[in-house]
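Examining the three-dimensional arrangement
For reference, the chains in residue letters:
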Amino acid sequence: MKSEKLGVCVIGAGRAGLIHAVNFAKGIKNARLTAIVDPNRETAEQACRELELDLYYQDYRQALEDDQVDAVVIVTPTDYHRDIVVAAADAGKHILCEKPMAMTVAECDEMIAAAENNNVVLQIGFMRRFDQSFVYAREQIRQGAIGDVVLVKSLTRGPSIPQRWQYDIAKSNGPLAEVNSHDIDTLRWFTESEFEQVYAIAGNYRCPEARDEFPDFYDNVVMTATFSNGMQGSIDGAVSVRYGYDARLEVVGTEGVLFVGRLDHSGVVVCNLSSGLKAPAVESWRNLFAEAYRYEDQGFVNAVMNGTPPAVSGYDGKMAVKVVNAGNQSITEKKPIWLNND
Ligand SMILES: NC(=O)c1ccc[n+]([C@@H]2O[C@H](COP(=O)([O-])OP(=O)(O)OC[C@H]3O[C@@H](n4cnc5c(N)ncnc54)[C@H](O)[C@@H]3O)[C@@H](O)[C@H]2O)c1
C-alpha cells in the first residue's frame, strides 16, 4: 500500500455507487476515496463535482493500473460483476462487490477462485448484515428469545421504476436478484441453513411499458422455501410500488415471534380530523439503510487492514445467486425446484 490509508476506487457511479463513494470520501476510518470509474462521462463528472474529487476513469482497467488504488467497490450493473472482479483480483486489488454477486454460479466460482489465488479480500454487498436492527434480531434468536425458529418471512418492495437493464431478465436476473437477493441472504443468515426447495410465482402488474419488449419481466414475486434443517421460508418482492420503500422481516418460533422493520420508519405520526392518522412512509433504501452501508464499508476496510475474513463472503454471494436462478426457473417452469447443495 502506498499510503497508510486504503486507497479505494468506486467502479460505477450510479445510484448505489454514489452511496459508497460518499462514505469513502467522508468518513470511513483508514480509507480514502482516490478515484471513481464510470463509462458515462457526464455521470463521472457530476459525481466528481459532488464528491469534490479530481480523478475519474472511464474504463475500469485504467483504475486497476493505478497504484494509488488498493481496493475497488464494484457497483456496475450485475452482468459486468464477473469480469471486473476477476480483473481486479488479478491486479491485486481487494474487492467489495455489490449484490447480486453475478448472474450464474459458475461466474461466482470464477470470482471466488480469482480472489483466493490472488490473496485478496472479496466481500459481497449484503448490507442488511450490518444493519443494527437485523443484527439485534439475530442475536435475540440465538439467545432463544422465540424458541426454535420455524418460519422466516422477508419482504422487500421498492418504489423505483427499473432501469432499462433491469427489465431485461437476461441482464439482471430480474427482481428476485435485484431486489430479493437481500431477503434470500437474510433467510440463509437467520435459518443458519441452506435453501433446499423453492417455489415461486411472478407477474408484471405495474409496468405496462415493459410488457411488449420484455415479456419475461415481472414486477411482483412470491417465493416459498424449505431449508435443509427443516425450517420454512417465505419471500415477497416488488418494484414500482406506489407507496414507499418497504423492507420487513418476521420470524416465527416455537415460543414467540419477532418483527424487524416498519413502513413508518421515521416514527412521526400526525393525527387530525380531516385525514385521521398519518405517518410518512420510508422513501428509499438510501435512507433506511444509510447507516448499514457505512458499517458495511467500514467492515470491508477492517477486513483488509486486519487480515480477517469479510463478514459476507463470496460463498454467501454465490449461494444467493443459486437461489435466484432456482426461483427464476420455478417461475418459468411453474413447478418447485430442488437445489443441489453438494
Ligand atoms: N445493496 C443495495 O441495496 C443495492 C442498491 C441498489 C443497487 N445495488 C446494486 O448495485 C449495482 C448497480 O446498481 P445501481 O442501481 O446503482 O445502477 P445504476 O444504473 O444507477 O448505476 C450503474 C452505473 O454503472 C455504470 N457502468 C456501467 N457499466 C460500467 C462499467 N463497465 N464500468 C464502470 N461503470 C459502469 C453506469 O454508467 C451507471 O452509472 C447493481 O448490481 C445493483 O443490484 C445494490
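Given the structure is predicted, the values throughout are model-derived calculations rather than measurements.

What follows concerns the sheet that holds strand E4 (residues 71-74). The strand order across the open sheet built from six strands is E3-E2-E1-E4-E5-E6, with neighbouring strands paired in parallel fashion. Both edges of this open sheet fall to strand E3 (56-57) and strand E6 (122-124), since each of them pairs with a single strand only. With four bridges joining them, strand E1 (residues 6-11) and E4 adopt parallel strand pairing. Along E4, the bridge assignment pairs Ile-11 with Ile-74. Its contacts with the sheet put helix H4 (residues 81-90) on E1, E4, strand E5 (94-97) and E6, and the angle it makes with E5 is roughly 165 degrees.

All right, on to helix H2 (residues 41-51) then. When we look at burial in H2, the residues that qualify are Ala-44, Ala-47, Cys-48 and Leu-51. Here the buried residues of H2 occupy an arc of 100 degrees about the axis, which is enough to place them on one side. Of the exposed residues in H2, those oriented more than 90 degrees away from the buried face are Glu-42 and Arg-49. Packing partners of the buried residues in H2 comprise helix H1 (15-26), strand E2 (31-37) and E3. Where H2 starts, the residue carrying a side-chain oxygen 3.1 Å from the main-chain nitrogen of Glu-42 turns out to be Asn-40. Glu-52 occupies a position one or two residues after H2 and carries a positive phi of about 50 degrees.

The rules we used
Residues numbered from 1 in each chain as written. Predicted model: local features only at pLDDT ≥ 70, side-chain atom pairs only at ≥ 80, totals over all residues. Heavy atoms only, no water. Pairing = 2+ DSSP bridges. Helix = DSSP H or I, 4+ residues; strand = E, 2+ residues; numbered from the N terminus. Contact = heavy atoms within 4.5 Å. Axes fitted to C-alpha atoms, helices over the stretch in contact; angles between N-to-C directions. Buried < 20%, exposed > 50% of the residue type's maximum accessible area, 1.4 Å probe, protein only. Arc of directions from axis to C-beta. Polar contact = N/O pair within 3.5 Å; in protein donor to acceptor, adjacent residues only side chain to side chain.

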